[in-house]
Amino acid sequence: MRTVLLSILLCMSLLACAKKEGSAGGNAVETGKMNGNNGSNKTLAYAHTLELEIDEQKIGSMHAAAQQFCLSLQAEQCVILEARLDTGRYASAHLKFRASPAGIQKLQVNLNKQGEVVHQSVTAEDLAGPIQDNQKKLAMLNDYRSRLEALRSRANADIDALIKTSKELASVQEQIESLSGQREQLVQRVETELLSVTLRPDNSHTFGQPIKQALSRFGGDLAQGLAVAITGIAYLLPWSVILFFFVWIVRKLWRRKKASVLKP
């Protein structure tokens, strides 16, 4: 009897949750409260892009200085998400930061002083939908968990009902924790901003720079060319010997055939 009662109560709880979701769809979600913005309904996640041209010799030092500047912005929650330095044919660097809007602004002002801005942009993604969906699901699951806890207290004398209720509670709790983690990520995205920075040399397309770089690589290119030539000879030498004997045999057979034809 208790098992049947538990099943009925579970069904009623699910129906109540569904009704709650339907009614919640017609109401505005308090995203401002979620984000700590006093009802400002901030749901936009901003991402900035900045591309600078600087002296090639300063790219490495500026790459390190930008990271140190970010670390100094502790109050602005600045975090280095990516730091890549390429020292190939043309030196370049890439940085990615996450910080509060004030921190991103300070980073941009600091970087703009170091070189010439060749590209700057900002994009925004509206997370109102994901935020509302997350809040609705959390509200439903929290209500469902409360009902399950009430059912468990009533079903303490029925072992089967208690086991089923406990399993359902564990599953609901796992879903709540997962959604709470997603909620924290959404909060971080709307309360902080991203900044992607690219540093490239300003002399990569000048007339004299390619010549200078070619001369600086002359020794290495010459050694590499000789290595390729030696490797080629090593591959061709056995085939040359085989080809020589093949030609020698063909010529010998041809001479014998010719001598037999001319012989009276």
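Presented here is an overview of the structure given in this document.

Reading the values: rules and limits
- Residues numbered from 1 in each chain as written.
- Predicted model: local features only at pLDDT ≥ 70, side-chain atom pairs only at ≥ 80, totals over all residues.
- Heavy atoms only, no water.
- Helix = DSSP H or I, 4+ residues; strand = E, 2+ residues; numbered from the N terminus.
- Buried < 20%, exposed > 50% of the residue type's maximum accessible area, 1.4 Å probe, protein only.
- Contact = heavy atoms within 4.5 Å.
- Core = buried A, V, L, I, M, F, W, Y, C linked by side-chain atoms within 4.5 Å.
- Expected span 1.5 Å × (residues − 1).
- Arc of directions from axis to C-beta.
- Salt bridge = Lys/Arg side-chain N within 4 Å of Asp/Glu carboxyl O.
- Disulfide = S-S within 2.5 Å.
- Pairing = 2+ DSSP bridges.
- Phe/Tyr/Trp six-rings, centres within 6.5 Å; stacked < 30°, edge-to-face > 60°.

Looking now at the overall build of the protein chain. Counting its regular elements, the protein chain contains eight helices and five strands. Traced from its N-terminal end to its C-terminal end, the protein chain shows the element sequence α-α-β-α-β-β-α-β-α-α-β-α-α. Classification of the 264 residues of the protein chain by burial places 28% in the buried group. For the protein chain, long-range pairs separated by at least 24 residues make up 79% of all intrachain contacts whose partners lie at least 6 apart in sequence.

Before going further, it helps to examine the environment of alanine 93. Its place among the elements puts alanine 93 in strand β3 (residues 92-99). In this structure the C-alpha to C-alpha distance between alanine 93 and glycine 60, which are 33 residues apart in sequence, comes to 7.7 Å. The residues touching alanine 93, leaving out its near neighbours within four places in the chain, are Ile59, His63, Arg84, Leu85, Val197, Thr198 and Leu199.

So, on to the nonpolar core. Membership of the largest hydrophobic core comes to 20 residues, with the highest contact counts inside it found for Leu52, Cys78, Phe97, Leu107, Leu111, Leu195 and Val197. Elements with a minimum of two residues in this core: β1 (44-54), α3 (59-72), β3, α4 (101-112) and β5 (193-201). Not counting the four nearest positions on each side in its chain, leucine 107 is found in contact with Ala66, Phe69, Cys70, Leu73, Cys78, Phe97 and Leu195. Membership of the second largest hydrophobic core comes to nine residues, among which are Leu138, Tyr144, Val172 and Ile176.

One non-glycine residue with positive phi stands out, namely glutamine 77, at about 60°. Look at glutamine 77 and you get partly exposed, because its relative accessible area is 49%.

Right, let's get into α4. For α4, built from twelve residues, the straight-helix expectation of 16 Å at 1.5 Å per residue is met to within 8% by its first-to-last C-alpha distance of 16 Å. Of all the residues in α4, the buried ones are Gly103, Ile104, Leu107, Gln108 and Leu111. Within α4, the buried residues cover an arc of 135° as seen down the axis, which keeps them to one side. Of the surrounding elements, those touching the buried residues of α4 are β1, α3, β3, β4 (116-126) and β5.

If you check helix α6 (residues 159-191), its first and last C-alpha atoms are 47 Å apart, about what 33 residues at 1.5 Å a residue would give, namely 48 Å. Taken as a whole, α6 has its buried residues at Ala161, Thr165, Leu169, Val172, Ile176, Leu179, Leu186, Val187 and Val190.

Attention now moves to the pattern of salt bridges. Per the stated rule, a full pass over the model turns up eight salt bridges. Of the charged contacts, one joins aspartate 133 and lysine 137 as a salt bridge, the two residues approaching to 3.2 Å between their closest N and O atoms. With aspartate 133 and lysine 137 both in helix α5 (residues 128-154) and four residues apart, this pair spans about one turn of that helix. Looking at aspartate 133, the relative accessible area reads 37%, which means it is partly exposed.

Bringing the state of the cysteines into the picture now. Summed over the entire model, instances satisfying the criterion amount to one disulfide. Covalently, cysteine 70 is tied to cysteine 78 through a disulfide, its sulfur atoms 2.0 Å apart. On the sign convention where negative means left-handed, the S-S torsion of about -110° between cysteine 70 and cysteine 78 marks this disulfide as left-handed. Here the two residues cysteine 70 and cysteine 78 agree in accessibility, since each one is buried.

Before going further, it helps to spend a moment on the side chain of histidine 48. Looking at where histidine 48 falls in the secondary structure, it is placed in strand β1. Leave out the neighbours within four places in its chain, and histidine 48 touches Ile104, Gln108, Ser121, Val122, Glu193, Leu194, Leu195 and Ser196.

The next subject is the pairing of β5. Of all nine residues making up β5, seven are buried, and the element is well covered by its neighbours. In this sheet, β5 lies alongside β1 in parallel orientation, the contact comprising eight bridges. When the bridges of β5 are listed, isoleucine 54 appears paired with proline 201. Where β3 meets β5, seven bridges bridge the pair, whose relative direction is antiparallel. Bridge assignment links alanine 99 to a residue of β5, and that residue is glutamate 193.

Moving on, we get to the packing of aromatic side chains. For any pair of aromatic rings, the description rests on two quantities: the centre-to-centre distance and the angle between the ring planes. What the rule picks out here adds up to one aromatic pair. A ring pair is formed by phenylalanine 244 and phenylalanine 245, whose centres lie 5.7 Å apart and whose planes are at 75°; its orientation type is edge-to-face. Exposure remark for phenylalanine 245: the relative accessible area of 47% places this residue in the partly exposed category.

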